[in-house]
Amino acid sequence: MKTTSRNSAEINSSSMADIAFLLLIFFLVTTTIVSDKGLFLILPPENTDVEPINIPQKNLFTIVINSSGELLVEGQLYNQSSENLKNDIMKFVLNRGEDITSSDSPEKAIVTLKTSRATTQNDFIEILDVVKSAYNQIYANRVGVSLEEWRRIANKHNTPYLEEIYNSARGQQPDG
């Protein structure tokens, strides 16, 4: 009897590894990795050798955001607008000892912002923006420019003239 063998078709897989390697390289090169920028906050260096500073309570303006997003300003529930909060911060910082229950001077005034663990990021960022806006308004008023002009100066003070305005607004004396 005559047996016939059928040739089964085989797939040549010798170059499969090369193709997979080329595809892997292609996807690694063409894929962009998203990097979150987050908030630009400059944190103080971690120092354990520093002795605690005794700060009088009247120089502290305390803002607390609870887990419900409600504000407690100086221990009282605050139901006013963010513009009123900005004005209250500016009044506190610029007190210069006129109100004995408020800050002694702008240099000694400290605005603290505290949150609970359940506070949303949006609530924190909204109030942080109000605090920054209050300080930016103080600086802009100090040098007699608009708030928008001050933000431009603060973001790009790379010329000696803008550097001088920036330092003057922040209460720093020029070198020399």
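Anything mentioned here points back to the structure above.
## A look at the nonpolar core
- One finds Phe 61, Ile 63, Leu 71, Leu 85 and Ile 89 to be the most contacted residues of the largest nonpolar core, which totals 26 residues.
- Counting only elements with at least two residues in this core, the list comes to strand E1 (60–65), strand E2 (71–73), helix H2 (82–93), helix H3 (121–143), helix H4 (147–155) and helix H5 (160–169).
- In terms of residue count, the dominant contributor to this core is H3 (seven residues).
- If sequence neighbours within four positions are ignored, Phe 61 has contacts with Val 73, Glu 74, Leu 85, Asp 88, Ile 89, Phe 92, Ile 110, Val 111 and Thr 112.

## Thoughts on the packing of H4 against H5
- Interhelical geometry of H4 versus H5 gives an angle of 110 degrees and a closest axis separation of 9 Å. By the angle between their axes, H4 is roughly perpendicular relative to H5. In this structure, H4 crosses over H5, and the sense of that crossing is left-handed. Across the interface between the two elements, Trp 150, Arg 152, Ile 153 and Ala 154 from H4 touch Leu 162, Ile 165, Tyr 166 and Ala 169 from H5.
- Its residues assigned to classes, the contact of H4 with H5 comprises seven nonpolar, no polar and one charged.

## Some thoughts on the packing of H2 against H3
- Between H2 and H3, the shortest axis-to-axis distance is 9 Å and the interhelical angle comes to 50 degrees. Here H2 lies oblique to H3, going by the angle between them. Classified by chirality, the crossing of H3 by H2 is right-handed. Of the residues in H3, those touching H2 at Ser 82, Leu 85, Lys 86, Ile 89, Met 90 and Val 93 are Ile 127, Val 130, Val 131, Ser 133, Ala 134, Tyr 135, Gln 137, Ile 138 and Asn 141.
- Class assignment of the residues belonging to the contact of H2 with H3 gives a composition of 10 nonpolar, four polar and one charged.

## Let's talk about H2
- Relative to the 16 Å expected for 12 residues at 1.5 Å per residue, H2 spans 16 Å between its end C-alpha atoms, a close match to the ideal helical length.
- Buried within H2 are the following residues: Leu 85, Lys 86, Ile 89, Met 90, Phe 92 and Val 93. Considered in projection along H2, the buried side chains sweep an arc of 160 degrees and stay on one side of the axis.
- For H2, the elements touching its buried residues are E1, E2, strand E3 (76–78), strand E4 (110–115), H3 and H4.

## So, H4
- Within the span of H4, buried status applies to Leu 147, Trp 150 and Ile 153. Considered in projection along H4, the buried side chains sweep an arc of 115 degrees and stay on one side of the axis. Exposed side chains of H4 directed beyond 90 degrees from the buried face belong to Glu 148 and Asn 155.
- In the core, the buried residues of H4 are packed alongside H2, H3 and H5.

## A few points about the pairing of E1
- Among the six residues of E1, five are classified as buried, and the element is accordingly described as predominantly covered.
- Here E1 pairs with E4 via six bridges, running parallel. Paired with Val 64 across the bridge in E4 is Lys 114.
- In sequence, E1 turns back onto E2 through a hairpin of five residues, with Gly 69 there showing a positive phi of about 85 degrees.

## Let's talk about the side chain of Gln 137
- Mapped onto the fold, Gln 137 is located in helix H3.
- The exposure class of Gln 137 is buried, given its relative accessible area of 18%.
- Contact partners of Gln 137, with chain neighbours within four places excluded, come to Lys 86, Met 90 and Leu 147.

Rules used throughout
Residues numbered from 1 in each chain as written. Predicted model: local features only at pLDDT ≥ 70, side-chain atom pairs only at ≥ 80, totals over all residues. Heavy atoms only, no water. Core = buried A, V, L, I, M, F, W, Y, C linked by side-chain atoms within 4.5 Å. Buried < 20%, exposed > 50% of the residue type's maximum accessible area, 1.4 Å probe, protein only. Helix = DSSP H or I, 4+ residues; strand = E, 2+ residues; numbered from the N terminus. Contact = heavy atoms within 4.5 Å. Axes fitted to C-alpha atoms, helices over the stretch in contact; angles between N-to-C directions. Parallel < 35°, antiparallel > 145°, perpendicular 65-115°, else oblique. Left-handed = near helix turned anticlockwise from the far one by under 90°. Nonpolar A, V, L, I, M, F, W, Y, C, P; charged D, E, K, R; others polar. Expected span 1.5 Å × (residues − 1). Arc of directions from axis to C-beta. Pairing = 2+ DSSP bridges.

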